[in-house]
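Report on the structure
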Amino acid sequence: MSKIYFFNGWAMDENLLSPLKNSTEYEIKVINFPYNIDKTSINKEDIFIAYSFGVYYLNKFLSENQDLVYEKAIAINGLPETIGKFGINEKMFNMTLETLNEENLEKFLLNMDIDDNFGRANKTLEEAKYELQYFKDNYKAIPNCIDFYYIGKNDRIIPANKVEKYCQNNKITYELIACGHYPFSYFNDFKDIINIREENKNEFW
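The sections below set out a description of the structure shown in this document.

Criteria and cut-off values
Residues numbered from 1 in each chain as written. Predicted model: local features only at pLDDT ≥ 70, side-chain atom pairs only at ≥ 80, totals over all residues. Heavy atoms only, no water. Axes fitted to C-alpha atoms, helices over the stretch in contact; angles between N-to-C directions. Helix = DSSP H or I, 4+ residues; strand = E, 2+ residues; numbered from the N terminus. Left-handed = near helix turned anticlockwise from the far one by under 90°. Contact = heavy atoms within 4.5 Å. Salt bridge = Lys/Arg side-chain N within 4 Å of Asp/Glu carboxyl O. Buried < 20%, exposed > 50% of the residue type's maximum accessible area, 1.4 Å probe, protein only. Expected span 1.5 Å × (residues − 1). Polar contact = N/O pair within 3.5 Å; in protein donor to acceptor, adjacent residues only side chain to side chain.

Quick look at the packing of helix α2 (residues 90–98) against helix α4 (residues 125–138) now. Packing of α2 against α4 leaves a shortest axis separation of 10 Å and a crossing angle of 145°. In this structure, α2 crosses over α4, and the sense of that crossing is left-handed. Together, Phe 93, Asn 94, Thr 96, Leu 97 and Glu 98 of α2 and Lys 129, Leu 132, Gln 133, Phe 135 and Lys 136 of α4 make up the contact between the two elements.

Next up, the structure:
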């Protein structure tokens, strides 16, 4: 069976996908932090989907394994230049890390525009903070290796206008979608993600 490898976001786990149906013929493999994946298990019919910080880690994985053959790679509300000009303001990133506590984590989730179906992760605050610190300590801007980007037009975590500008500057095909940073109030089924609608694509080739 062909697979969808889903690179998850910061401090998320399999619970994030609990509202999402899978009416595809693909098996879903969720890749959480620290984003370890056996590349020998990937075949030419497999699909990659990455969300939020997972977009960075998927780009990193693909850039380090350019001999891989797969069907396509799709990003949702993230980009390889996660911090800086096209992503999160560095000062804001550092402030989030330095002030992270249970109350501020709740505020962060609300700013994601989660809904009642949001699947909370079984992770501690210490685990979430470690992931964020690890990201900062190992971060460097990397080139894009992903074919298509969905951009939540109301995203307040990674600003939509910045990600759109990144796609335009790098001639990456994308679609604006009606959601905030949390995309699963918009997407109900994996088939809706992988079946990219031609009429809504913004092309720059």
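Here we come to the pattern of salt bridges. Counted according to the given criterion, the structure contains eight salt bridges. Linking Arg 156 and Asp 113 is a salt bridge whose minimum nitrogen-to-oxygen distance equals 2.8 Å. Placement of Arg 156 in the loop between β5 (148–152) and α5 (160–169) and of Asp 113 in the loop between α3 (102–111) and α4 is noted, with a sequence separation of 43 residues between them. For Asp 113, a relative accessible area of 28% translates into the label partly exposed.

Under the 1.5 Å per step criterion, the end-to-end length of helix α1 (residues 53–64) is 17 Å for twelve residues, consistent within 8% with the ideal 16 Å. With nine of twelve residues buried, α1 lies mostly within the body of the structure. Where α1 is buried, its residues meet β1 (3–7), β3 (47–51), β4 (72–76), α2, α4 and β5.

A separate point is the environment of Asn 77. By the secondary structure assignment, Asn 77 is in the loop between β4 and α2. Considering only alpha carbons, one finds Asn 77 and Val 163, 86 residues apart in sequence, at a separation of 8.0 Å. What Asn 77 contacts, discounting residues up to four positions off in sequence, is Tyr 51, Ser 52, Tyr 150, Ile 151, Gly 152, Asp 155, Ile 158, Cys 179, Gly 180, His 181 and Pro 183. A distance of 3.0 Å separates a polar atom in the side chain of Asn 77 from the backbone oxygen of Gly 180.

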